[in-house]
Amino acid sequence: MRKGFIPVAASLAILFATGCSATPAPVAPPTALPRATVPPSTSIPSSNATIAPSPATSPTPSVAPPTPIPTTTQPPPTPVIPAGLYGTSLDLVPDPPTRGINLEFYATFANTTSAVQNFRWIVYLYRSDNPIKSYGETTATSSSIPLGAQTQKSLGYWKLPLGGPCENFTARVAWIDQNNQSAPFRRPDGTVDERAITVCAPSDLPSPTP
C-alpha cells in the first residue's frame with residue numbers, strides 16, 4: 001500500500017459515521033395563519049316568533065325662537081313749572097255752585113320770578129271718590145302774568161246737569177306744557193292749588209240769610 005493513500009472502503013466508513021453522528025439543523029415552526037372572523041349566522045325567525053319593533057328615531061329638537069321682550073312704555077315727563085310761579089287761590093261764580101248753571105272759575109297766580117311768565121292753564125274737576133281721573137274740565141287758557149299777583153278768568157265753563165242730589169267735587173288748577181301734558185300748580189307752601197266744592201240742585205241750596 002502506498003503511503004498517504006486511504007482505501008475507498010475506509011473513506012466511506014468515515015463519511016457514514018460522520019453523517020450519522022451530526023445533529024440535524026432545527027426547522028422553524030410553520031407560521032400560523034390568522035383566523036378569519038366569521039359573522040354570526042342570522043337566524044330567520046319562524047312564523048310564530050314575535051318580532052320586536054325597531055325603536056323610533058327621536059326627532060331632532062328644534063330651537064324655539066327667542067321670545068321678544070315687550071318694550072316698556074315710559075310715561076311722558078311731568079311738566080316743570082318755573083320756580084317762583086304759584087297758584088294761590090280759586091274762586092267760583094256762582095258760589096255756591098248750582099246744578100244746571102254754568103260754573104266759571106277765576107284763578108289767582110303769584111309770580112316771584114324775575115320776568116313775565118307766559119303759560120297755559122286749565123281747571124280739572126274730580127269726584128271726591130276718584131281724585132285720579134278727571135270728571136270734567138274747562139277750556140285751556142293762555143295767560144301772561146307779570147311780577148306780583150294777578151287773577152285770571154278761565155275760558156269756558158263747567159256744568160253739572162239737573163236731576164240729582166248734591167255731589168262733592170274737587171276743582172284743581174293745572175299747568176299745560178307744549179306737549180299738552182299737565183301738572184298741578186302748587187301754592188307757596190307746597191300744597192296743590194285746588195278747592196273742594198259741593199254742587200246741589202237749586203231747591204237744595206240753603207236760603208240766603210236776610
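Residues numbered from 1 in each chain as written. Predicted model: local features only at pLDDT ≥ 70, side-chain atom pairs only at ≥ 80, totals over all residues. Heavy atoms only, no water.

### Some thoughts on the overall build of the chain
A tally of regular secondary structure across the chain gives one helix and nine strands. Sequence-ordered secondary structure for the chain, helices as α and strands as β, is α-β-β-β-β-β-β-β-β-β. Taken across its 210 residues, the chain has 25% of its residues classed as buried. Counting only carbon and sulfur atoms, one obtains 60% of the accessible surface of the chain, whose full area is about 15,600 Å². (Helix = DSSP H or I, 4+ residues; strand = E, 2+ residues; numbered from the N terminus. Buried < 20%, exposed > 50% of the residue type's maximum accessible area, 1.4 Å probe, protein only. Areas by Shrake-Rupley, 256 points an atom, 1.4 Å probe, with all protein chains shown as cover.)

### Some points on the packing of aromatic side chains
According to the stated counting rule, one finds ten aromatic pairs in the structure shown. Here the aromatic rings of W158 and F169 are separated by 5.1 Å at their centres, their planes lie at 70 degrees, and the arrangement is edge-to-face. On the criterion of sequence distance, the pair formed by W158 in the loop between β6 (148-153) and β7 (167-176) and F169 in strand β7 is long-range, its members being eleven residues apart. Just as W158 is buried, F169 falls in that class too. Three or more aromatic residues joined by ring pairs make a cluster, and in this case those are F109, F119, W121, W175 and F185. (Phe/Tyr/Trp six-rings, centres within 6.5 Å; stacked < 30°, edge-to-face > 60°.)

### Details of the pairing of strand β3 (residues 117-127)
With eight of its eleven residues buried, β3 lies for the most part within the structure. Two strands pair when backbone bridges link them, and β3 and strand β5 (residues 141-145) are joined in this way by five bridges, in the antiparallel orientation. The partner of W121 across the bridge, within β5, is T141. Note that β3 and strand β4 (residues 136-137) share two bridges and pair antiparallel. Each residue of the ladder has a partner; that of L125, found in β4, is G136. (Pairing = 2+ DSSP bridges.)

### Digging into the state of the cysteines
The final tally for this structure, using the stated rule, is one disulfide. Paired through a disulfide, C166 and C200 show a sulfur-sulfur distance of 1.9 Å. Looking along the S-S bond of the C166-C200 disulfide, the torsion reads about 120 degrees, which is the right-handed sense. Here C200 lies in the segment after β9 (194-199) and C166 lies in the loop between β6 and β7, a separation of 34 residues in the sequence. On the basis of relative accessible area, C166 is assigned to the partly exposed category, the value being 36%. Here C200 falls in the buried class, since its relative accessible area comes to 8%. (Disulfide = S-S within 2.5 Å.)

### Here's the deal with the pattern of salt bridges
The tally for this structure, following the rule as stated, stands at six salt bridges. Note that E167 is salt-bridged to R99, the shortest N-O span being 2.4 Å. One end of the pair, E167, is in strand β7; the other, R99, is in the loop between β1 (85-93) and β2 (104-111), with 68 residues separating them in the sequence. The exposure class of E167 is buried, given its relative accessible area of 18%. A residue is classified by how much of its surface remains accessible, and R99, at 5% relative accessible area, is buried. Residue E194 pairs with R172 through a salt bridge whose shortest N-O separation is 2.9 Å. Linking E194 in strand β9 with R172 in strand β7, this pair joins segments that are 22 residues apart in sequence. A relative accessible area of 30% places E194 in the partly exposed class. Taking the relative accessible area as the measure of exposure, R172 reaches 17% and is therefore buried. Here the salt bridges do not stand alone but share partners, grouping R99, R127 and E167 into one network. (Salt bridge = Lys/Arg side-chain N within 4 Å of Asp/Glu carboxyl O.)

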